[in-house]
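Chains, contacts and geometry: an overview
For reference, the chains in residue letters:
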Amino acid sequence: MLWRMRQFFTVAIWRFFLASSETLSHRRDMIPVLSMENVRFARQGRQILGGFDLAVQQGGHSLLLGPSGSGKTTILNLAAGLLTPESGAIAIAGTPMPASAKARDALRRAHIGIIFQTLRLVSALTLVENLELAARLSGKPADGFADLLNTLGLGHRADARPRELSQGEAQRAAIARALVSKPKLLLADEPTSALDDANAHAVAQLLLQSAQTHGSTLVVATHDARLKRHIGHVIALKAA
Amino acid sequence: MLRLAIAYLKDRWLVTAFNIALIALGVASLAVLLLVSTQLEKRFERDSQGIDLVVGAKGSPLQLILSSVYHVDIPTGNIASDSLDLLRRDPFVARAIPLALGDNFRGARIVGTEPEFLAIHGATLSEGSIFTTVGTAVVGATAARETGLTIGQSFAGTHGLGGDGHAHDRVPFRVTGILKPTGTVTDRLILTSIDSVWAMHGIASPDAAAGATTEGDQDHAGHAHGEEVLDRRDAPSPDITAVLVTYRNAMAAVRLPSAINRQTALQAASPAAETARLLSLFGAALDGARLFSWLVALTGALSVFVVLLSAASAREGDMALLRVMGATRGQVSGTVLLEGLVIAAVGALLGLAAAHGLLAVGASLFPTLAAVGVGPRLFHPGELAIAAAVLGLGVVAALIPAARVYRTDLAETLGRAT
């Protein structure tokens, strides 16, 4: 009798542990690359975000769509740790956004690539030098960019300076720079707003392909509704 | 970050080149002044070593020193040769060496003197032998190189201390020795005996009547010119130009110059006092030039400051991007500091190179500069001090722009730029 009771409890304990570990494993898989919970942000007394929530899973793509002043860029800057929220929680790949600027910089270097609308490349460096610099700063090998540039159609522009690039080329170059660090989270701010339809389509395709190739999760902030064709998960924002 | 700083400098190469040129100009002026003044001082010091007093004809004491010690000016006149005996008999005089000046060969001054002259400057023979008879000469290392004189070669002196006088061809000299370089005035002189100088001018030596022979007589027995020189009865009295005196003791410095100046028709001048007077005259001009040079260097630093400040504003976006890419505040502002430092370093290096280049050109264009020992090959520790000071200026000029970049609010910049 005693032996049977002992066997029963042993099996039960093993089942409990096995069930727990499955749950934990499943939960780990489900940890979003970017999560923002009840984030509030105000600038110069003006409330820009009031309790914003967002969770983007590994490999997912999200589109923050809204007019100017709706807080799209602010959301990206908060996600990148460039701004500090008034309240709420932000986490990157399960790691809460640190309070210290130094630690935030380290987290950003390790996991996040950012594509800005106008801040694309360092003006004094050639395209390939920009990529080398970005790689060095993120602690990645600073060579072997030929494939990346060829994929983005910039192989022939490697030695061009930023001012010598067209709008489309510059935007693709910004994508290349952001991808050099092989980021888990790729944030793009108005990547197509200055481009014509053909270029906007091409850049959107490139962003998605590049994110997929590098296993990056993509969050795009834009007022350009054309991107709805490419990214299904849309979060509509209204002007504050 | 250094590569990035250099990339920024190359990106605005014209402004960078202008800034570098301004700093190089200041550094070059400062280095030239430093090198010329120190080389002059050292040369004066070396050339006057062992000579406490120069006795010569009345006139400018400075001119007497310049002509008899440094051999760069014309003498004040001649003095009777018995002045030498007078000085040698004086108990305060340890050594008295006569000089007879007034001729040259291809610009190298011919100095009639005694072999002891070589001891003053520590000159020794590189080859050959010292002058012993009338018409023989030894040549300083530089003079030999510049005139092309070699052992056994004969040459005729030219009247005057430049190269344009008439030639004394009646008693040609024969080179019997070449001196080793000494770094003193001896290097550029041709030394011979007093008797040789007198013979060259057709003046009979007091000893000539006693049967002295000339080199010409030895080489060409019965040569008409040699006999003519020695036999002249109406020749002027044998004079010398100056006497270099070394004191026997400290009391001599008090007694001898004043006694000579007061009681004789001679002039006594102290090389130390006259050189100090000359350097003090130079010194005022040098101070003025030095001040001007520092102003030029400061203007360069100010220009670097203005350029970097404006670059710091124009480059806000780049700096923000660098921060986003992972550069720290220190790295980003360090880029601006490095730009200032690189401009200053390149300017300092070019300035120092230009200074030595200028001295090389100056010494080849103006023989007087070379004659007093100014040349491009000497380096002075002060040059490093100038370079260090200019590097400091570069850093100071870049500090405010760098601090501005350091304090830049990333979020605010991104808010404006994106």
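Below you will find a few notes about this structure. Keep in mind that this is a model prediction, so the values were computed, not measured.

1. Digging into the overall build of chain A
- Across its full length, chain A holds 7 helices and 9 strands.
- Within chain A, contacts between residues separated by at least 24 positions form 71% of all contacts whose residues are at least 6 apart in sequence.
- For chain A, the exposed area adds up to about 11900 Å²; of that, 55% sits on carbon and sulfur atoms.

2. Details of a nonpolar patch on the surface
Residue and element names in this part refer to chain B.
- A cluster of nonpolar side chains, Leu291, Leu295 and Leu298, forms an exposed patch at the surface whose accessible area comes to about 300 Å².
- Relative to the helices and strands, Leu295 is located in helix α11 (residues 271–314).
- The exposure class assigned to Leu295 is partly exposed, which follows from its relative accessible area of 48%.

3. Section: unusual backbone geometry
- Despite not being glycine, Glu190 of chain A shows a phi value in the positive range, around 45°.
- The residue Glu190 of chain A is located in the loop between β7 (185–189) and α7 (197–213) in this model.
- Located in the positive-phi region is His71 of chain B, a residue other than glycine, with phi close to 55°.
- Relative to the assigned elements, His71 of chain B resides in the loop between α3 (61–68) and β2 (79–80).

4. Some points on the packing of aromatic side chains
Residue and element names in this part refer to chain B.
- Within the structure shown, the criterion is met by 3 aromatic pairs over all chains.
- On the basis of an interplanar angle of 45° and a centroid distance of 4.7 Å, the ring pair of Phe105 and Phe155 is categorised as tilted. A residue pair is termed long-range when its members are at least 10 positions apart, and Phe105 in strand β3 (residues 93–105) and Phe155 in strand β7 (residues 154–155) qualify at 50 residues. Both residues of the pair, Phe105 and Phe155, count as buried.
- Seen in terms of ring centroids, Phe155 and Phe173 are 5.3 Å apart; in terms of plane orientation they differ by 25°. Their pairing is stacked. With a gap of 18 residues between them, Phe155 in strand β7 and Phe173 in strand β9 (residues 173–179) connect regions that are remote in the sequence. In terms of burial, Phe155 and Phe173 fall into one category: buried.

5. Side note on the interface of chain A and chain B
- Each side of the interface is counted separately: chain A has 28 residues, and chain B has 22 residues.
- For the pair chain A and chain B, the summed buried surface comes to about 2100 Å²; carbon and sulfur atoms form 64% of the total.
- If you look at where chain A meets chain B, you find 3 salt bridges.
- With its nearest N and O atoms 3.8 Å apart, the salt bridge here joins Arg323 of chain B to Asp105 of chain A.
- On the surface where chain A and chain B come into contact, there are 5 residue pairs in polar contact (both at pLDDT 80 or more).
- Put simply, the parts of the chain that give the side of chain A that touches chain B at least two residues each are α2 (72–79), α3 (101–111) and α4 (127–137) of chain A.
- At 6 residues, α4 of chain A tops the list of elements feeding residues into the side of chain A that touches chain B.

6. A word on the pattern of salt bridges
- Applying the stated criterion across every chain, the model contains 14 salt bridges over all chains.
- Residue Arg3 of chain B pairs with Glu132 of chain A through a salt bridge whose shortest N-O separation is 3.5 Å. Taken as a pair, Arg3 of chain B in helix α1 (residues 2–11) and Glu132 of chain A in helix α4 lie in two separate chains rather than in one.
- Of the charged contacts in the structure, one is a salt bridge between Asp224 of chain A and Arg226 of chain A, with a shortest N-O distance of 2.8 Å.
- Here Arg226 of chain A falls in the partly exposed class, since its relative accessible area comes to 26%.
- Linked by salt bridges that have partners in common, Asp105 and Arg108 of chain A together with Arg323 of chain B make up one network.

Rules of the game
- Residues numbered from 1 in each chain as written.
- Chains lettered and ligands numbered in written order.
- Predicted model: local features only at pLDDT ≥ 70, side-chain atom pairs only at ≥ 80, totals over all residues.
- Heavy atoms only, no water.
- Helix = DSSP H or I, 4+ residues; strand = E, 2+ residues; numbered from the N terminus.
- Contact = heavy atoms within 4.5 Å.
- Areas by Shrake-Rupley, 256 points an atom, 1.4 Å probe, with all protein chains shown as cover.
- Patch = residues over 30% accessible without salt bridge, like charges linked within 9 Å, V, L, I, M, F, W, Y side chains within 5 Å.
- Salt bridge = Lys/Arg side-chain N within 4 Å of Asp/Glu carboxyl O.
- Buried < 20%, exposed > 50% of the residue type's maximum accessible area, 1.4 Å probe, protein only.
- Phe/Tyr/Trp six-rings, centres within 6.5 Å; stacked < 30°, edge-to-face > 60°.
- Buried area = accessible area lost by both parts, 1.4 Å probe.
- Polar contact = N/O pair within 3.5 Å; in protein donor to acceptor, adjacent residues only side chain to side chain.

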